[in-house]
Number of protein chains: 2
Amino acid sequence: MNGAMPRRARSALMALLLAAAAEPCPAATPAELVAAAPPSAWKAIDPETLIVLTIDGGPPVVLQLAPRFAPVHAANVRALVKAGWFDGAAVMRVQDNYVVQWARPGPRASLPAAVAARPPAEYERSAAGLAFRPLGFRDSYAAETGHAEGWPAAREGGRAWLVHCYGMVGVGRDVAPDTGDGTELYAVIGQAPRHLDRNIALVGRIVSGIERLAAEPRGTGPLGFYRDGERGLVIRSARLASDMPAGTQPRFEIMDEASPAFAAWVRARANRKDEFFIRPAGAVDICNALPPIRQGPP
Amino acid sequence: MNGAMPRRARSALMALLLAAAAEPCPAATPAELVAAAPPSAWKAIDPETLIVLTIDGGPPVVLQLAPRFAPVHAANVRALVKAGWFDGAAVMRVQDNYVVQWARPGPRASLPAAVAARPPAEYERSAAGLAFRPLGFRDSYAAETGHAEGWPAAREGGRAWLVHCYGMVGVGRDVAPDTGDGTELYAVIGQAPRHLDRNIALVGRIVSGIERLAAEPRGTGPLGFYRDGERGLVIRSARLASDMPAGTQPRFEIMDEASPAFAAWVRARANRKDEFFIRPAGAVDICNALPPIRQGPP
């Protein structure tokens with residue numbers, strides 16, 4: 001995400017500005033602040049929570065699970081991955097400004113033994129015991145939003161939940177709340193459908209490759225489902241990063257929401273003061289303040 | 001946009017439900033309410049404000065101008081279209097979760113005589129004389145949001161402005177505010193970048209075909225600009241609908257925000273009560289309440 005809207009002639013200059021990565025100062029852009037954040041502001045993402053989806057014609061798509069919010073669903077997805085369930089799965093639905101959804105094609109197979117067929121709803125959890133850093137700005141949907149242990153979240157009445165921002169991954173279900181076994185997953189590719197919050201289990205997010213999923217052709221069937229003959233992107237294999245040979249495992253870092261650099265970045269997201277901006281908003285929506293994630297350590 | 005997240009087995013059932021288009025009732029979905037709205041709830045969109053962009057491999061993309069908010073910019077875009085400026089223009093930037101941007105390739109040509117080279121900023125206007133229907137829910141960025149003469153808008157301190165929702169079209173500019181002559185346009189294809197509100201002129205929206213623009217491959221250069229050799233979608237021609245031969249002009253209708261059907265639809269967007277939903281949000285963001293637009297009259 002970036003705030004400026006340069007005309008063509010400015011793109012080279014803008015690239016230089018971004019590359020400069022100056023020391024933080026009042027007029028630094030959010031991207032400059034991310035580039036200038038010290039190593040201490042970054043935390044490694046646990047490879048036990050990372051799933052690598054290999055696809056044709058591009059780098060893998062990498063998904064991070066959120067076991068602190070949806071432990072049974074996260075365990076289900078892990079168990080499905082370990083059993084090879086998603087090897088050969090395909091995108092079967094792309095609804096514009098909404099979601100991309102994927103699953104194993106063909107008739108329904110028996111679930112691996114380790115998978116809970118009817119997991120609990122896990123749409124929210126107790127706010128107790130969860131580190132939660134309020135964003136400090138109004139939200140249309142919840143009393144309070146903020147960052148909770150690396151995730152965009154909301155909090156209200158002693159409960160906390162993940163919010164449906166761009167790139168978040170949820171578990172498709174039938175009408176009954178306990179029917180989301182993890183075999184059909186979706187990622188958000190449009191304006192945050194926050195009305196889904198607390199109505200369906202979010203189980204993680206795409207940390208790399210969402211731009212590929214979001215650019216897939218929209219399905220022409222109802223709700224963006226592909227019709228017969230429309231062929232969706234195939235997931236050749238899905239592997240836990242921690243099960244991959246050392247040296248081939250992808251590594252990711254997330255900016256620590258408790259770091260001064262993160263606080264400065266949120267302030268800059270809410271108050272754009274670089275040369276392009278005339279009137280800083282003075283506020284930012286939680287889905288426009290998703291924690292910076294990068295590949296690394298180098 | 002749709003709220004449900006059916007697993008595959010439910011897609012046929014869901015399609016049937018959508019097709020049924022029952023009379024409005026407390027549990028009707030937003031889509032059902034749109035389908036059931038009476039003809040009196042719909043207003044024709046003035047063909048003088050519609051621009052038809054012909055592209056390869058699909059139906060045209062149709063853009064509606066917003067002269068009530070950005071009259072000089074809208075007049076500029078109209079004059080550019082009439083002069084054939086965008087015939088052969090191409091997408092030159094696709095930044096994921098942000099914007100798609102297009103312009104005429106090659107060296108900069110002289111502007112047609114009718115085009116203002118340095119239009120006023122037009123980032124906001126007086127709220128006086130503008131019909132504004134408050135949405136009635138909190139917003140992260142503005143004191144008040146709502147629907148203003150068919151457009152998603154905000155209002156504060158006697159001023160009103162269009163907001164950067166999915167599909168809205170703005171005018172690229174350089175650093176100086178009066179440099180957006182209309183020759184480079186962008187459409188929002190991700191989470192609403194509301195920090196751009198009042199920092200750049202919004203001049204309209206895509207009323208048909210945003211799903212094609214949003215699915216274009218992301219550019220790999222800085223800010224999503226295409227690098228040399230990355231070829232963007234070409235706009236074969238751009239025409240004012242009102243200049244096209246009668247019988248070939250596209251026609252669109254928008255739901256009248258003053259109609260009871262519109263109010264019922266907003267309530268349903270904020271309080272999903274169909275069988276899939278467990279906990280209605282009780283609120284909706286302005287960018288999740290974009291006025292329904294359809295082709296027609298039939």
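Residues numbered from 1 in each chain as written. Chains lettered and ligands numbered in written order. Predicted model: local features only at pLDDT ≥ 70, side-chain atom pairs only at ≥ 80, totals over all residues.

**Considering the overall build of chain A**
Along chain A, the regular secondary structure elements total five helices and 16 strands. Whereas a compact globule of 298 residues would reach a radius of gyration of roughly 19 Å, chain A reaches 20 Å, a difference of no more than 12%. Judged by the C-alpha coordinates and their principal axes, chain A covers about 55 × 45 × 40 Å. Here chain A, with 298 residues, has 54% of them falling under the buried criterion. Taking all contacts inside chain A whose residues are at least 6 apart in sequence as the whole, residues at least 24 apart take part in 68%. (Helix = DSSP H or I, 4+ residues; strand = E, 2+ residues; numbered from the N terminus. Rg over C-alpha atoms; globule rule 2.2 N^0.38 Å. Buried ≥ 20, exposed ≤ 12 C-beta atoms within 10 Å, placed from the backbone. Contact = placed C-beta atoms within 7 Å.)

**Some points on the sheet that holds strand 1 (residues 42–44) of chain B**
To summarise the sheet geometry, strands pair through backbone hydrogen bonds and adopt either a parallel or an antiparallel arrangement. All names here are of chain B. As summarised here, the arrangement of the three strands in space is 1-15-16, forming an open sheet in which the pairing is antiparallel. Looking along the sheet, the strands with just one partner apiece sit at the ends: strand 1 and strand 16 (293–295). Along the sheet, successive strands turn relative to each other by an average axial angle of 35 degrees, direction set aside. Alignment of strand 1 against strand 15 (residues 252–255), held across three bridges, turns out to be antiparallel. Paired with lysine 43 across the two strands is isoleucine 254, which belongs to strand 15. (Pairing = 2+ DSSP bridges. Axes fitted to C-alpha atoms, helices over the stretch in contact; angles between N-to-C directions.)

**A short note on the interface of chain B and chain A**
Contact residues are listed per partner, giving 64 residues for chain B and 64 residues for chain A. Top contributing element to the side of chain B that touches chain A by residue count: helix 1 (residues 11–20) of chain B, with four residues. Looking at the side of chain B that touches chain A residue by residue, the class counts come to 33 nonpolar, 13 polar and 18 charged. (Nonpolar A, V, L, I, M, F, W, Y, C, P; charged D, E, K, R; others polar.)

**As for the sheet that holds strand 8 (residues 144–148) of chain B**
Residue and element names in this part refer to chain B. The strand order across the open sheet built from five strands is 6-10-9-8-7, with neighbouring strands paired in antiparallel fashion. The sheet is open, and its two edges are formed by strand 6 (125–126) and strand 7 (133–134), each paired on a single side. Of the pairings in the sheet, the one linking strand 9 (residues 151–156) to strand 10 (residues 159–162) comprises four bridges and is antiparallel in character. When the sheet's bridge partners are listed, alanine 153 is paired in strand 10 with leucine 162.

**A closer look at the confidence of the model for chain A**
Residues and elements named next belong to chain A. On average, chain A scores 91 in pLDDT, and the residues at 70 or more come to 91%. Confidence drops under pLDDT 50 across residues 9–26; counting only partners more than four residues distant or on other chains, this segment forms 24 contacts. Note on the complex model: pTM 0.93, ipTM 0.92. (pLDDT = per-residue confidence, 0-100.)

**Considerations on the pairing of strand 8 of chain B**
Residue and element names in this part refer to chain B. Buried residues dominate strand 8, accounting for four of its five residues. Relative to strand 8, strand 7 runs antiparallel, the two being bridged by two bridges. Paired with proline 134 across the bridge in strand 8 is glycine 146. What sits between the antiparallel neighbours strand 8 and strand 9 is a turn of two residues, in which glutamate 149 has the positive phi angle 50 degrees.

**Some words on the relation of the copies chain B and chain A**
Overlaying chain B on chain A yields an RMSD of 0.0 Å, the required transformation being a rotation through 180 degrees with an accompanying axial translation of 0.0 Å. What the superposition gives is, in effect, a two-fold axis relating one chain to the other. Comparing contact sets, 100% of the residues at the interface of chain B also lie at the interface in chain A, consistent with an isologous, same-surface contact. (Least-squares fit on C-alpha atoms with pLDDT ≥ 70 in both.)

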